[in-house]
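Observations on the three-dimensional arrangement
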Amino acid sequence: MAALARSKRVVELKCAVQCYAWGKIGLNSTVAQLALNSPSFQLEEDKPYSEFWMGTHPNGPSKVLEEEKELLLSEWIDANVDVLGNKVKETFDDKLPFLFKVLSINKALSIQAHPDKPHAEFLHDKRPEIYKDPNHKPEMAIALTPFEGLCGFRPLDEMQEFVKTIPELAAVIGQEATTALITGTDPLALMKAFTALMTSNQDAISEQLNKLLLKLQERKSAGHDISDQCGELLFRLNSQFPGDVGCFCIYFLNHIILQPGQAMFLGPNLPHAYLAGDCMECMACSDNVVRAGLTPKFKDVDTLCEMLEYKCGSKEENIFPCHQDPTDSYVTIYDPPVSDFAVARIQIPASCPSYKIKGLSGPSIAVLISGSGVVENAASNILLKRGTVLFIPANTTFDLKCRQEDMEIYRAYCVL
């Protein structure tokens, strides 16, 4: 095979694995299953495996596997900056603009939101020890398994029904905020009610939560349905974070279960939390998170309540639409309203012996979720198996030789 220019050559990546306490344990974790592709990965059956990072973020940088050496992807890009494509180079200062991940979640992550870019710059300037960079952090989660989360404020009538029928919730947010929310006459009623909840005295939260849990347990023991008050979800979250104000947030936020291939886009100032399941996640390269519940980490409640967009919507409205690539029936596109990233899901049937990965004007990272094959564009052919990760330079087209099995690939990219 003729030698390929470095800037046109697909390279394989060795990627970081994060083992946060909320991850799925051992081989129950998709993260661990993918990491087995790396010879250096040593599985521990009782260890949580939470995140698989693909990118240049310094907290978990990927490395290029080339000629039996390992070089940081960031350094390799610096030495071969044309791999980003002209527009991405100019717009993002010669840096890869996105971080691609796989998440395997066993325990709820925090009630949180992400600032927009001007707000991120402000927070970083005022409190750099907490908000460590000035970038925004839009995110997209695409379900690999049934994936559970909280996302966006519920329709107003649902929240009104909860405060009418759950006196413990009404007691926490107070009579004034409860009345305003029920009557719907105050345009700031939702903001006032949610802020009242999040800033309530911890003793009051614990007292009312325990009363509600006891009442629901009695109803359940008597054989009654408790789904009208999200009973099972409340039990589960309280078992993970006893007495936490975030447990009451389920009555304000949509509880969504995505099926594989469905997605949520988490734009600025949108309240959300991941609860359980496995997903692909793509985001701008940033650590800016404002947390306020279901977490042992620092809570910045005032900032969160001030920054949120208090817009009501249904579960369906919080599922991000995808579409088929008009030029390729095997490709589904997830194209959020940000310039930092988009994601393609490529599903190649077993009947297809060869598939051409088309070139894009910007850089991309692809991970093989299932199947096997060979990449015929490299210093030497790259054997593809579950967990193989590729960096694909801008304007690079190549062929996959597929084995007789279905293949699923997720590809994060930036095209301007």
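First, a word on what this report is: a plain description of the structure on this page. Just so we're clear, the structure is a prediction, and the values are computed from it rather than from any experiment. (Residues numbered from 1 in each chain as written. Predicted model: local features only at pLDDT ≥ 70, side-chain atom pairs only at ≥ 80, totals over all residues. Heavy atoms only, no water.)

**Notes on helix 10 (residues 231-240)**
The element helix 10 is largely enclosed, with a buried count of seven among its 10 residues. Those residues of helix 10 that sit buried are Gly-231, Leu-233, Leu-234, Phe-235, Leu-237, Asn-238 and Gln-240. On its buried face, helix 10 is in contact with strand 11 (147-153), helix 9 (202-221), strand 12 (253-258) and strand 14 (272-284). (Buried < 20%, exposed > 50% of the residue type's maximum accessible area, 1.4 Å probe, protein only. Helix = DSSP H or I, 4+ residues; strand = E, 2+ residues; numbered from the N terminus. Contact = heavy atoms within 4.5 Å.)

**Remarks on the state of the cysteines**
Per the stated rule, a full pass over the model turns up zero disulfides. The thiol of Cys-151 is unpaired, and the distance to the nearest cysteine sulfur, on Cys-279, comes to 12 Å. Since its relative accessible area comes to 0%, Cys-151 is described here as buried. Looking at Cys-279, it has no disulfide partner, and the nearest cysteine sulfur is the one in Cys-282, 11 Å off. (Disulfide = S-S within 2.5 Å.)

**Remarks on the nonpolar core**
Ranked by internal contacts, the top residues of the largest apolar core, which has 52 residues, are Phe-194, Leu-197, Met-198, Leu-234, Phe-248, Tyr-251 and Phe-252. Per element, the largest residue contribution to this core is six residues, and it comes from helix 8 (residues 189-198). Setting aside residues no more than four positions away along its own chain, Phe-194 makes contact with Phe-153, Cys-249, Phe-252, Leu-304, Cys-305, Leu-308 and Tyr-310. Counting residues in hydrophobic clusters, the runner-up holds 43 residues, among them Ala-32, Val-83, Ile-142 and Phe-320. (Core = buried A, V, L, I, M, F, W, Y, C linked by side-chain atoms within 4.5 Å.)

**What about the pattern of salt bridges?**
Oppositely charged side chains are able to pair whenever their charged atoms sit close together. Counted by the stated rule, this structure contains 20 salt bridges. With a shortest N-O distance of 2.7 Å, Arg-345 and Glu-408 are connected by a salt bridge. Taken together, the positions of Arg-345 in strand 18 (residues 342-348) and Glu-408 in strand 25 (residues 407-413) put the pair 63 residues apart, joining distant regions of the chain. Glu-408 shares its class with Arg-345; the two are buried. One network of salt bridges, with partners in common, ties together Lys-14, Lys-63 and Glu-70. (Salt bridge = Lys/Arg side-chain N within 4 Å of Asp/Glu carboxyl O.)

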